[in-house]
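Structural overview for review
So the chains spell out like this:
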Amino acid sequence: DRKIKIAPSILSADFANFGQEIRAIEDQGCDWVHVDVMDGHFVPNLTFGPPLLAAIRPHIQTVMDVHLMISPVDAYIDAYAGAGADILTAHLEAGPHIHRTLQAIRAAGCKAGLALNPGTGLDAVPHLLDMIDLVCVMTVNPGFGGQKFIHSQIEKVRSLRAMIGERPIHIEIDGGMTPETAPLMAEAGADVFVAGSGVFKGGSVQNPDVYGENIRAI
Ligand code: DX5
Ligand code: ZN
């Protein structure tokens, strides 16, 4: 379904309180929980491994949407699937064998996502349409929360929507989502909005209503 979904990125949550943070954003009406996995190699930052994902999995009642910013990918697919990911998204730029990677993700029992960096075109997408459930269009260069939205990606999303047509493939936007930028992407054809700083800013587990206000504003 093409209903708009909000997927807060727990990269902007309090790392000492993931259980409570997840409960707070789900109580406040988020649709998915976005988990940013970074390896210090594909991107210049390090975050979560499979044991951390397995630990937070029981706290997630919606959808665990795992964004793998790692290279290589294939050697880790079973571990992240085993940790409970519902969706595993891999980057086209992470290696030469994205087709094999997407096959392996589905074989591991997860929905398969294809992520594209801001500098990457859509040339590969038509060749992968029958093996993906989601395309993640990065609207910042991956690695950090709180960066500025890259406007050139709006036209990319418009072209991507035309390629996908009515196939049941989500278009997810990741990076710099605010109440100002999200509508531009909704109009261009996106349906899943990842937001880290945009959801968590100003709130806390003691003051979770702010998360709800931020979610609704986006
Ligand atoms: C960036 C991550 C994003 C990030 C978004 O590498 O993939 O999911 O957390 O953060 P904001 O919404 O703050 O741009
Ligand atoms: Zn992400």
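Counting of residues starts from 1 at the beginning of each chain's written sequence and follows it residue by residue. Numbering of ligands from 1 and lettering of chains from A proceed in the order in which they are written. Under the rules for a predicted model, residues below a pLDDT of 70 receive no local features and side-chain atom pairs below 80 are neither given nor counted, while totals for whole chains, interfaces and linings still include all residues.

1. Overview of the overall build of the protein chain
The number of helices and strands found in the protein chain is nine helices and eight strands. Taking 17 Å as the expected radius of gyration for a compact globule of 218 residues, we find that the protein chain reaches 16 Å, a close match to that expectation. Viewed in the frame of its principal axes, the protein chain has a C-alpha envelope of about 45 × 35 × 30 Å. Between the buried cut of 20 or more and the exposed cut of 12 or fewer other C-beta atoms within 10 Å of a residue's own C-beta lies the partly exposed class, and all C-beta atoms are placed from the backbone. Taking all 218 residues of the protein chain together, 44% fall into the buried category. With C-beta atoms placed from the backbone, a contact is any residue pair whose C-beta atoms sit within 7 Å. In the protein chain, of all internal contacts separated by at least 6 residues, the share reaching a separation of at least 24 is 64%. Put simply, DSSP marks the helices as runs of H or I at least four residues long and the strands as runs of E at least two long, and each gets a number from the N terminus on. Here the globule rule is a power law, 2.2 Å times the number of residues to the power 0.38, and the radius of gyration is based on C-alpha atoms.

2. Thoughts on helix α4 (residues 98–107)
Note that an α-helix has 3.6 residues per turn; residues three or four places apart therefore point the same way. Ile98, Thr101, Leu102, Ala104 and Ile105 are the residues of α4 that are buried. Burial along α4 is one-sided: seen end-on, the buried residues are contained in an arc of 160°. Opposite its buried face, α4 presents the exposed residues His99, Arg100 and Ala107, each directed more than 90 degrees away. Buried residues in α4 make contact with α3 (77–82), β4 (87–91), β5 (111–116) and α5 (125–128). Remark: glycine 109 follows α4 within two positions and exhibits a positive phi of approximately 95°. Read the arc as the range of directions from the helix axis to the C-beta atoms.

3. Let's talk about the site of ligand 1
Contacts to ligand 1 come from 22 residues, most closely from Ser9, Pro142, Gly145, Gly196 and Ser197. The nonpolar class holds Ala, Val, Leu, Ile, Met, Phe, Trp, Tyr, Cys and Pro. Asp, Glu, Lys and Arg form the charged class, and all remaining residues, Gly among them, are polar. Residue composition of the shell around ligand 1, by class: seven nonpolar, 13 polar and two charged. Any residue qualifies as near a molecule or strand once its backbone-derived C-beta atom lies within 6 Å of it.

4. Regarding the UniProt feature "binding site: substrate" (unreviewed entry) in the protein chain
Residues annotated by UniProt as "binding site: substrate" (unreviewed entry) correspond here to Ser9, His67, Gly143, Phe144, Gly145, Gly146, Asp174, Gly175, Gly176, Gly196 and Ser197. In this structure, glycine 146 sits in the loop between β6 (134–138) and α6 (153–164). In this structure glycine 146 comes out as partly exposed when scored by C-beta crowding, with 13 C-beta atoms within 10 Å. Structurally, glycine 175 is set in the loop between β7 (170–174) and α7 (182–188). Exposure remark for glycine 175: the 28 C-beta atoms within 10 Å place this residue in the buried category. Those residues in contact with glycine 175 that sit more than four places away from it in its chain are Met138, Thr139, Val140, Gln147 and Phe149. UniProt positions are given in the numbering used here, feature names are shortened, and annotations may be inferred rather than shown by experiment.

5. Comments concerning the pairing of β7
Burial analysis of β7 places five of its five residues in the buried class, which makes it a mostly covered element. The alternating pattern of β7 places His170, Glu172 and Asp174 and Ile171 and Ile173 on opposite faces, both of which are buried. A pair of strands counts as paired when DSSP detects no fewer than two bridges linking them. Note: β6 against β7, five bridges, orientation parallel. Each bridged residue has a counterpart across the sheet, and for cysteine 136 the counterpart in β7 is glutamate 172. Orient the strands so they point away from the viewer; a crossover is then right-handed if the path from the first strand over the helix to the second runs clockwise. Each parallel crossover has a hand, and the one from β6 via α6 to β7 is right-handed. As paired strands, β7 and strand β8 (residues 192–195) are joined by three bridges and run parallel to one another. The residue bridging isoleucine 173 from the neighbouring strand is phenylalanine 193, located in β8. Remark: the β7/α7/β8 crossover connection has right-handed handedness.

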